[in-house]
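Chain residues, written in single-letter form:
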Amino acid sequence: MTHPDLTFERQDSIAIVRLNRAAKRNALNDGLILALRDTFQNLPEGVGAVVIDGAGEHFCAGLDLSELKERDAGQGVLHSRMWHQALDCVQSGPVPVVAALHGAVVGGGLELASACHIRVADASTFYALPEGTRGIFVGGGGSVRIPKLIGVARMTDMMMTGRVYKAEEGERAGFAQYLVPQGQALDKAIELARRIATNAPLTNYALMHALPRIAEQPADHGLFTEALMAGIAQDAPAAKERVRAFLEGRAAKVSKD
């Protein structure tokens, strides 16, 4: 499914998916959410990582309220579940996703960012969850994903009071793993995506799919899952070659530079 407000660009081993509604601050509507779902369900062969970016001055200002429809309770549940399925395709797809954040990362935009695996913010970034002050509740998976980044207490405060986090305090709170000067988020995200795409694919897949589950398992279950994944990952031909390269002095050693 193509969508006029979503662009897809292939750059060798990575892809850039861009929200392209700059006049609307890249606000999300159902068509755009479904286009994201279909894009991540149909990534071309050979793509090892994806960058999500927003055109213009903002990453994403959240739900397009101009298209908000009145729904009864049942319709509301089904609509939320549609968003869940779409953003699950981002988080639980075949390859890692890096978000390049700038300007508004608000409401549904923060829910989308939280479904990515790595977030790079520039100095213009700000975060908010205005749903509480608008009489609604998050419905795109934010209540599950965002507390894992910043904690339940911070999310509660944001929704109850309308608190806005600016870029630096947002990085300290855990919204983003990287903070760069204004205008440099996309370049940094592409740099990281290219590096990620050189990893053994099975290791990337394990980090995406096993690590979050291990974090929620009882310790004994988590350790057993870790052992299974370690055994499976090291059996991959790409992993065996990388270990041989290290042992034979053909791979770089870890350094602090």
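Data block above holds the structure.
Within every chain, residues take consecutive numbers counted from 1 along the sequence as written. Local features in this predicted model are restricted to residues of pLDDT 70 or higher, and side-chain atom pairs are both shown and tallied only at a pLDDT of 80 or more, whereas totals for entire chains, interfaces and linings draw on every residue. The basis for every side-chain value is the complete set of heavy atoms in the structure, and neither hydrogens nor water enter the calculation.

(A) Fine view of the overall build of the protein. Summing up its helical and strand segments, the protein has 10 helices and 9 strands in all. Its C-alpha atoms give the protein a radius of gyration of 19 Å, within 12% of the compact-globule value 18 Å for 257 residues. The cut-offs for exposure are 20% and 50% of the maximum accessible area for each residue type, with area from a 1.4 Å probe on protein chains only; residues under the lower value are buried, those over the upper are exposed, and the others partly exposed. Residues counted as buried form 45% of the 257 residues belonging to the protein. By definition, residues are in contact when any of their heavy atoms lie within 4.5 Å. Of the contacts formed within the protein by residues at least 6 apart in sequence, a portion of 70% connects residues at least 24 apart. For the accessible areas, the method is Shrake-Rupley and the probe is 1.4 Å, while residue cover comes only from the protein chains on display. Per element, the accessible surface of the protein, about 13,500 Å² overall, is 55% carbon and sulfur. Taken as two groups, the 27 positive and 29 negative side-chain charges of the protein have centres that lie 3 Å from each other. The helix and strand labels rest on DSSP assignments: H or I over at least four residues marks a helix, E over at least two residues marks a strand, and numbering proceeds from the N terminus. All radius of gyration figures rest on C-alpha atoms, and the globule criterion is 2.2 Å times the number of residues raised to 0.38. The sign given to each residue is positive for Lys and Arg and negative for Asp and Glu; His and the chain ends receive no count. Charge placement uses NZ in Lys and CZ in Arg. For Asp and Glu, CG and CD serve respectively.

(B) Seen up close, the environment of A236. When you line up the elements, A236 lands in the loop between α9 (219-234) and α10 (237-247). Of the residues examined, A236 reaches a relative accessible area of 15% and is grouped as buried.

(C) Region of interest: the layout of surface pockets. Cavities and pockets were defined on a 1 Å grid built over protein atoms only: a cavity is a set of grid points that admits a 1.4 Å probe from which the probe cannot escape, a pocket is an open set flanked by protein on both sides within 12 Å along at least five of seven lines, and lining residues are those with an atom within 4 Å of any such point. Grid points are joined across faces, edges and corners, and a volume is the space filled by probe spheres set on the points. In this structure, the largest pocket encloses a volume near 930 Å³. If you go around the largest pocket, you meet 37 residues; those closest to its centre are Q91, R145, K148, M208 and P212. Elements represented by at least two residues in the lining of the largest pocket include exactly α2 (73-91), β4 (97-101), β6 (118-122), α4 (142-150) and α8 (201-216). Ranked by the residues each element gives to the lining of the largest pocket, the list is headed by α8, at 9 residues. Amino acids outside the nonpolar list (Ala, Val, Leu, Ile, Met, Phe, Trp, Tyr, Cys, Pro) and the charged list (Asp, Glu, Lys, Arg) are all regarded as polar, and Gly is one of them. Taken together, the residues that form the lining of the largest pocket break down as 15 nonpolar, 15 polar and 7 charged. Considered as a void within the structure, the second largest pocket measures approximately 450 Å³ in volume.

(D) Looking closely at the sheet that holds strand β7 (residues 126-128). Strand order across the open sheet formed by 3 strands is β5-β7-β8, with mixed pairing between neighbours. This sheet does not close on itself; its edge strands, each paired only once, are β5 (104-106) and β8 (165-166). Where β7 lies against β8, 2 bridges are found, and the strand directions are antiparallel. Each bridged residue has a counterpart across the sheet, and for F126 the counterpart in β8 is K166. Paired strands, as defined in this entry, are two strands with at least two bridges between them according to DSSP.

(E) Representation of the packing of aromatic side chains within the structure. Each Phe, Tyr or Trp ring, with Trp reduced to its six-membered ring, pairs with another whose centre is within 6.5 Å; inter-plane angles below 30 degrees give stacked pairs, above 60 give edge-to-face pairs, and intermediate values give tilted ones. The full count for this structure, using the stated rule, is 2 aromatic pairs. Residues Y165 and F175 carry aromatic rings whose centres are separated by 5.4 Å and whose planes lie at 65° to one another, so their mutual orientation is edge-to-face. Taken as a pair, Y165 in strand β8 and F175 in the loop between α6 (167-173) and β9 (178-180) lie far apart in primary sequence, 10 residues in all. Each member of the pair, Y165 as well as F175, is classed as buried. Counting every residue linked through ring pairs, the aromatic cluster contains Y127, Y165 and F175.

(F) Region of the structure containing α8. To estimate how far a helix should reach, multiply one less than its number of residues by 1.5 Å. Under the 1.5 Å per step criterion, the end-to-end length of α8 is 23 Å for 16 residues, consistent within 8% with the ideal 22 Å. Roughly 35° is the biggest bend found in α8, and it falls at A210, with proline P212 one to four residues downstream. Buried residues along α8 sit against α2, α7 (185-197) and α9. To get the bend at a residue, fit one axis to the 7 residues ending there and another to the 7 starting there, then take the angle between the axes.

(G) Examining the packing of helix α1 (residues 30-41) against α2 more closely. Angular values range over 0 to 180 degrees, each being the angle between N-to-C directions of two axes fitted as lines to C-alpha atoms, with helices fitted over their stretch in contact. At their nearest, the axes of α1 and α2 sit 8 Å apart, and the two run at 35° to each other. For the pair α1 and α2, the sense of crossing is left-handed. Residues D30, I33, L34, R37, F40 and Q41 of α1 form the contact with α2, whose participating residues are H79, M82, W83, Q85, A86, C89 and V90. Of the residues in the contact of α1 with α2, the class split is 8 nonpolar, 3 polar and 2 charged. We call a crossing left-handed when the near helix sits turned anticlockwise from the far one by less than a right angle, and right-handed when that turn is clockwise.

(H) Representation of the side chain of E131 in the model. In this structure, E131 sits in the loop between β7 and α4. What makes a salt bridge here is a side-chain nitrogen of Lys or Arg within 4 Å of a carboxyl oxygen of Asp or Glu, nothing more. Of the buried charged residues, E131 lacks a salt bridge, with R134 as the closest side chain of opposite charge at 6.4 Å. For E131, the residues in contact, after removing those within four places along its chain, are G107, G108, I136, F137, V138 and M159.

(I) Region of the structure containing the nonpolar core. Of all hydrophobic cores here, the largest spans 45 residues; its most connected members are F40, V50, I52 and Y127. Contributions of two or more residues to this core are made by β2 (14-19), α1, β3 (49-54), α2, β4, α3 (108-115), α4 and α5 (152-161). With 6 residues, the single largest contributor to this core is α2. Setting aside residues up to four positions removed in sequence, V50 forms contacts with A15, V17, F40, L43, V95, P96, V97 and V98. Working definition of a nonpolar core: buried Ala, Val, Leu, Ile, Met, Phe, Trp, Tyr and Cys residues. They are joined through side-chain atoms within 4.5 Å. Counting residues in hydrophobic clusters, the runner-up holds 15 residues, among them V98, L192, A193 and I196.

No statement about biological role is implied by the geometric values presented.
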